[in-house]
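# Fold and contact review
Below are the chains, spelled out letter by letter.
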Amino acid sequence: ANNSVKYSGLKNQGCTCYMNSVLQQLFMMPALRKNLCSAEVPTVVRSSGGGAMAKGDALVGKKISVHWENGNKYDAVVDRYEEATGMHTIDYCPVQLATGVGHHHHQQGQQPSTPPDISSLPRDLPEEFILSEGRPGKETGAFEIISNNNRALVVATNESSSQEGGHPESKAQETAALEVKESPDESSSRKLLEEVQRTFVNLDEARGRCFDPRSLVEASHCLKLEFDVWQQNDASEFAMKLLDRLEISLKKWSPSHFRYLAHTFGMKQTKQKICKECGLKTNREEDMMNIDCQIRNKTSIHEALAGMCEDEIMEGDNQVLCDRCKVKTNTVLRTAISALPDMLVLSLKRFDLDYTTFETVKLNSRCEFGEALNMKQYTLEAKEILEAAGGGGTPEESKSESGSMMDLEESETKDGSDEDPLSVLPDEDYEYRLAGVLVHAGVAQGGHYYSFIKDRTSAKWYRFDDEDVTPFDPSSIEHECFGGKVKKETKFPNGHTHTVESEQFANALMLFYEKVKPVKFDSAEEEKEEPAAATDALMEEEPKAVVDSNLELSNGYDVFLPEVRKSNSTHSWQSFLLTNEFQTFVKEILDLCTGRKKPKEDDRMDITPSSSPLPVIPGTDIDSWRLGVIRMSLSFVFDVLFHLPLKNTALGDWSKTLMQIFSSSSEITAMFVSDLAKRTHQVYENWIRAYTMECPEEGSRRTALQIFSCAISSLLSRPSEQTLLQNWAQSWLTQVAERERLMLNKRQHVGAMPTKLEAPASRQLEDIANIGVTATSIGIILSYLTELIEVSPRYTQANIELCFFIRELASTKVPTEGKLLRDAMIEAQFVSRLTCLAIRERSHDLLKHVFPGASASLEIIEAISRNETHSSNILHVGMNNPGVNGGGNNHASSLMLLEAIGCVLGMPWVKQEPIFFETGEVNRGRAIRALTPRAIEALTAVFEESKPPSSNGMALRDIHHYLQRCGQNVPPQRIDQIFARHAIEEPDGSKLLNLKGFLAYYRDAVHNNEYQVQQELHAFGFRPNLTRRNNDARWYAVDESNGQKRPYLLREGIAIDVAINHSALARIHFFTEIGLQALFFLNFASSNSKCVAEYLLAVSAYGRDSRRVMFEALDYLHNHIGNWVGGSSDGYPLIIMIFSILTAIPDDKQLERINTLMINDDREERRIGLMVMGDRIIREYPNNYQARAHAERYLECIQMIQKQRAISNWISRNRSYCAWMEPETHPETAHPLQSRSDHSGRRGGGHQNMPVHLQNHDPNAVDDSDIDDDDSRSDDEDSTREIVVKGCGVPEINGVYTRAGAFDGVPKYSQSVRYNGRDEEFSLFRCRLTDNTRRWYISIVPMSSHPGTTKDIDFYAAVPSGNDNIYLPPRKNWMCIPSSGGIMPAPEVYPRTIYDEGDDNQGPNNIVVDQDQTGYL
């Protein structure tokens, strides 16, 4: 808004400009505004403002119905009232569930199930706010006291307060309120009046830029507009229905104000019927508040008014029955205005029906109107005078041939008569001046409304366009409002002019004319007058309202003016407090009071009184006044400053300042954490709740929670606090152990796990009155966090910030203090609660019983939650919405939860470290990203490890090997592009990819796929926080004599990493183990971060009996084995991950876990190992095709985990269990050269036939069906890099084939050569046929397709040999396919490592890159 404009705008709710433009027109009528705002309504029935502000503590104990912006009402009980802030604390009543809610399966024909029992769910947190104001996105500020039919509830709720004396005046008002009766129509009209008063008072008195009339929009539902109030409507329709509706409430409660409204807008239109035979005149009056002007084919407003008042002769078949003649006669029908208002509203009918298309169209034709308007000639008086001046005869004698009084007036003038018959009517009684124009810009189906309005005091004009109010030049009204067509000329440099004529879509829809000489309104006289005639409907229906003398009345100014003035005051002091100067002042005060800055000698002063009270914190050396100043400063920061949008630099400065204070002063830290703990028992002043659940600024939330975490960590350096927290943790351990004992014995009903200590002997540890003595402030805070976890599913943004706070607390870097804090969180069951929060209703039944709040289903949560109207980042995680598949924000929330769990368990390295930041620059609309210093450091280490030791960079072959180790299946053309773009030329003429080019490649990569970069860092031993696993968890020695070593598989490395750091990890308890090893939780975790999921599973299983999760995974495998093809179906990657991690953990139970996985044989419980199940299927169903397919899928599972050393060694020692996997056990029945033309395409391996994984698949990850497994990122038994083909009849096929990814679970190889005059790529691969058999092929695979289809050009084929390694093609027995170009002799194929054991097999740092393949399979 312009600074020179004194008026405020109205916020557009999206499509409510039609409403704003009308309200601004009415607001700019000073007398009307004052009259409406001074209208009185009983205070006890007011639904907004006055009820709360006037009663104050009289509402305590009452049950009220609170209106929300989502259109619903929720019952609540007022708990207390804070006079200093004007806030009430209310407890919302539990929402009653409808029948069927919470039951996912309901069979047809069955009776609806009963609603689920939600009595075990924790109650909602209390809310504290100003009832009359509400909160954005939540309460509207409207509420009603539940009385009358619900009086018993009110009395029962208020019984205790009544016994204590109560409030006599409130009881009298309550009695009067019970006698107030309102129909639903009257109630909705009263609410509408209240919201109009609120809006007008705010516009009149507020100092802000604009006012948000959301509650008025909500109250306008009672108008029953053509469309919903939140959608676009006709402004003229809204204006008339609004005035009509206001009359209902004014009639009942403020009769004089009703009369004024009728006096201002009320007009009368008389429809006159005149018999041409006997001259009988019959009048019928209608009350109106506007004149609808038909403007089709009319060029001015005068033509439209004249057309409305034109006489119509009814003759012939249209004759009208005369009451005197008793027969139908020729009759004149006449319409005229019999009473004019002070404010004349003309509605131009621009929206009309097109009878050709029967669609509503907008008439944009030109319609002129002037600043002045004389309505004399359109009145009934004028018509009768003109009729009498025509000779006093019947109308037909006094009318011209056209039958128009206007024509008669013109004819008289033409006859030369100088006397105007209408001169007897003074013009000043009929003169109007233009005061406002409401404009519609657009078409019938949509557009925008705004207003031009004249200021009655200064005569200046303004444009009111929703929030914007700007000065307007009234001389532009013709151009802005008349409509019609406009010509636009474009002049070209050559002198030519191009003229285009177009319709003007912005034109006047409503005109507001103000009477020059308004009729004086006298409320007292009007009240005494009786209706003049029976047709005077407005006056005849005027009520004689009798208001009970005990009934307190309040007008809009009484109710809303204090609220507005308070808002103005708040705006003023906030403007002062948020200045940089004041923030600098507060920082300097803090520095002085904390001793961080020494005052100058001249500035020293001692303001401590002689009788200074003792310091607040026992044993502190800081003066009490200094603590008071520090408290005040911290209150400014966390109560005011951080709730407002601040720049990152300002947040960083405050964070640095406060963290330095807490790190340097244990006394100040103890005071702050003590206050933080005490505030958990409050509502509005609860900082932890504010910054985990309510603060709208994400940057402020994160900064505040980091500061809280720093303070808590600093406090733990005090031995006394350590002792208290240890006692608190021990009390929790005892409480949980007792709960476990009772549940396992099943001897009695056990309720939900409490969120605080309940034993009488332990309660003193959480007594806020004895913090620092017998109570621990940190323990109080941790107990409050458990309560927040239980209720967080119902609250906006609670989960992600709560998990962030828990993660920050648990990742404290100081070893002793950090472990003590994490152990306390473990004992309070943080991990168990968070696992329930992740998967909700799919948690273990035991956990659902113990933690009902965190495990409540999404359906129940949605049913009992009060939905806010603004967008939120509420965490809706669980199996129904598993992370990244549900959207980017859900993935971030889910990942935060997993990181919180990992940190509580003692693994701070699971915190995801950013690998890039945005530079602030933009290229083609895309933000430019740069690598962080930590990422550059990690990638530099990867580069040095991957390049040859004696070289400055990577050659093409090195890049190919590097990308293969990363698990990428990159075609050679892509590698050539990377090399061409980032490599540099060396002095000897060769080209190498140096470190600069390597980093440039990854700088480009983070723009396209950040997840892939993270995965490649993980493949080289980097954890999520970019720290690196110990070398013992990355490498194992191949030959200690020469120092050769090989990398562990990624999952092997994670399991070993957990074993190495086990002493620093938290203890795993009963409920924690159940939560972490639940299959649904592992599925959820793997969907969001495979690396974190693997760490969590390894931690939960290390040194523990993990057969339960192993059996659950085996059972899932057995039940779904028929649906899995080529290892690509739902659940397959998860099951392989579980098997791989559990069997890789190097503890004393590793062999037991491997035996369980491979050879367990418990048929009754279906706990059957992979080897036993495969062998059983082959032996019991030797000739069954489907059984053989199932057995091959079990073989695939074993192949996937056999890459791990522990499994490979076990198989080599237990070959007796592997006989069923020999080829003769299930011989191939198809001819080895079976033509692929017999089938629609080859099966297996190729992901063209793979179903997309819906729950576990990460869209950013490499598909498990395209490569062997995530573990194929590391060199292992199947990692032969090159294959030699020689002796082939097609000489171009001979040569060295380089590994180019994987297919059908085994490596794929290729070489590029010149064949038949073209550059071709020969591929060596294995695939599955449609009959479920496998073949190796040497083929040309089209660039646009995958191997294994009928598009391939096949030259040679071979059946896999059971005597060779399954990952390698057979050496001999290749067969020629002549039809496709194969020529005898067939080739001999073998690994290059066997053919040529040279230096090429040595990688950097003497690491073996390729070795002869070993292993039984």
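As the structure is a computational prediction, the values presented were derived from the model and not from experiment.

## Considering the overall build of the protein chain
Of regular secondary structure, the protein chain possesses 47 helices and 43 strands. Taking as baseline every contact in the protein chain between residues at least 6 positions apart, the subset at least 24 positions apart corresponds to 69%. Carbon and sulfur atoms provide 48% of the accessible area of the protein chain, an area that totals close to 61,700 Å².

## Comments concerning the sheet that holds strand β39 (residues 1318-1328)
In space, the 8 strands of this open sheet follow the order β42-β41-β40-β39-β38-β37-β36-β43, with antiparallel pairing throughout. Where the open sheet ends on each side, the last strands, each with one partner, are β42 (1375-1376) and β43 (1388-1391). Relative to β42, strand β41 (residues 1353-1358) is paired through 2 bridges, and the arrangement is antiparallel. Residue pairing across strands places A1357 opposite M1375, the latter belonging to β42.

## Digging into the pairing of strand β22 (residues 461-465)
Burial of β22 is extensive: 4 of the 5 residues sit out of reach of the surface. Note: strand β21 (residues 446-454) against β22, 4 bridges, orientation antiparallel. When the sheet's bridge partners are listed, I453 is paired in β22 with Y462. The hairpin formed by β22 and strand β23 (residues 468-472) contains 2 residues between the paired strands, and D466 there has a positive phi angle of roughly 55 degrees.

## Observations concerning the pattern of salt bridges
Counting across every chain of the model gives 61 salt bridges. Two residues, E694 and R689, come together in a salt bridge whose shortest N-O distance is 3.0 Å. When its relative accessible area of 33% is taken as the criterion, E694 is described as partly exposed. A salt bridge links D1057 to R1023; the nearest nitrogen and oxygen atoms lie 2.8 Å apart.

## Regarding the confidence of the model for the protein chain
On average, residues of the protein chain score 80 in pLDDT, and 80% of them are at 70 or above. Taken as a whole, residues 148-170 scores under 50 in pLDDT and shows 22 contacts with residues more than four places along the chain or in a different chain. For the stretch residues 871-888, pLDDT sits under 50, and the model shows 58 contacts to residues farther than four places along the chain or on other chains.

## Things to note about a negative patch on the surface
Taken together, the side chains of D57, E82, E83 and E685 make up a negatively charged region of the molecular surface. Positionally, D57 belongs in the loop between α3 (50-55) and β3 (63-68).

## Things to note about the packing of helix α42 (residues 1132-1144) against helix α45 (residues 1185-1201)
Between α42 and α45, the least distance of the axes is 10 Å, while the angle of their chain directions is 50 degrees. Considered as vectors, α42 and α45 are oriented oblique to each other. Like other packed secondary-structure pairs, α42 and α45 cross with a definite hand, here right-handed. Contacts between α42 and α45 involve Y1132, I1136, F1139 and S1140 from the first element and E1196, C1197, M1200 and I1201 from the second. Grouping the constituent residues of the contact of α42 with α45 by class yields 6 nonpolar, 1 polar and 1 charged.

## Some remarks on the side chain of S674
By the secondary structure assignment, S674 is in helix α21 (residues 666-678). In this structure S674 touches I771 and S777, once residues within four positions along its chain are discounted.

## Considerations on the environment of V640
Of note, V640 is situated in helix α19 (residues 624-640). Sequence separation between V640 and Q574 is 66 residues, and the spatial gap between their C-alpha atoms is 8.3 Å. Those residues in contact with V640, other than ones at most four positions away along the chain, are W573 and S635.

## With respect to the nonpolar core
Within the largest apolar cluster, 172 residues are counted, with the highest numbers of intra-cluster contacts made by F638 and L782. With 10 residues, α42 is the single largest residue contributor to this core. Beyond its immediate chain neighbours, meaning those up to four positions away, L782 contacts L725, W728, L809, L821, A824, M825 and F830.

## A look at a nonpolar patch on the surface
A cluster of nonpolar side chains, L353, Y355 and F358, forms an exposed patch at the surface whose accessible area comes to about 370 Å². Its place among the elements puts Y355 in the loop between β17 (351-354) and β18 (359-362).

## Re the pairing of strand β40 (residues 1334-1340)
In terms of residue burial, β40 counts as a mostly covered element, since 7 of its 7 residues are buried. Every second residue of β40 is oriented toward a common face, with R1334, W1336, I1338 and I1340 on one face and R1335, Y1337 and S1339 on the other, all of them buried. Two elements, β39 and β40, share 7 bridges in a ladder whose sense is antiparallel. Residue pairing in the sheet places F1322 in a bridge with I1340 of β40. Between β39 and β40, which pair antiparallel and follow one another directly, the connecting turn spans 5 residues, one of which, N1332, has a positive phi of 75 degrees. Relative to β41, β40 runs antiparallel, the two sharing 5 bridges. Across the sheet, residue S1339 finds its bridge partner in β41, namely D1354.

## Here's the deal with the packing of aromatic side chains
One pass over the full model with this rule turns up 42 aromatic pairs. Relative to F464, the ring of Y7 has its centre 6.0 Å away and its plane inclined at 50 degrees; by these criteria the two rings are tilted. Placement of the pair is Y7 in the segment before β1 (9-10) and F464 in strand β22, with a sequence separation of 457 residues. The pair Y7 / F464 is uniform in exposure class, with both members buried. Aromatic pair F582 and F585: ring centres 6.0 Å apart, planes at 40 degrees, arrangement tilted. Taken together, the positions of F582 and F585, both in helix α18 (residues 580-594) and 3 residues apart, correspond to about one turn of that helix. Its relative accessible area of 17% is what places F582 among the buried residues. Put simply, the rings of F638, F642, F662, F672, W687, Y691, F708 and F805 touch in pairs and so form one group of aromatic residues.

The rules we used
Residues numbered from 1 in each chain as written. Predicted model: local features only at pLDDT ≥ 70, side-chain atom pairs only at ≥ 80, totals over all residues. Heavy atoms only, no water. Helix = DSSP H or I, 4+ residues; strand = E, 2+ residues; numbered from the N terminus. Contact = heavy atoms within 4.5 Å. Areas by Shrake-Rupley, 256 points an atom, 1.4 Å probe, with all protein chains shown as cover. Pairing = 2+ DSSP bridges. Buried < 20%, exposed > 50% of the residue type's maximum accessible area, 1.4 Å probe, protein only. Salt bridge = Lys/Arg side-chain N within 4 Å of Asp/Glu carboxyl O. pLDDT = per-residue confidence, 0-100. Patch = residues over 30% accessible without salt bridge, like charges linked within 9 Å, V, L, I, M, F, W, Y side chains within 5 Å. Lys, Arg positive; Asp, Glu negative; His and termini not counted. Charge placed at Lys NZ, Arg CZ, Asp CG, Glu CD. Axes fitted to C-alpha atoms, helices over the stretch in contact; angles between N-to-C directions. Parallel < 35°, antiparallel > 145°, perpendicular 65-115°, else oblique. Left-handed = near helix turned anticlockwise from the far one by under 90°. Nonpolar A, V, L, I, M, F, W, Y, C, P; charged D, E, K, R; others polar. Core = buried A, V, L, I, M, F, W, Y, C linked by side-chain atoms within 4.5 Å. Phe/Tyr/Trp six-rings, centres within 6.5 Å; stacked < 30°, edge-to-face > 60°.

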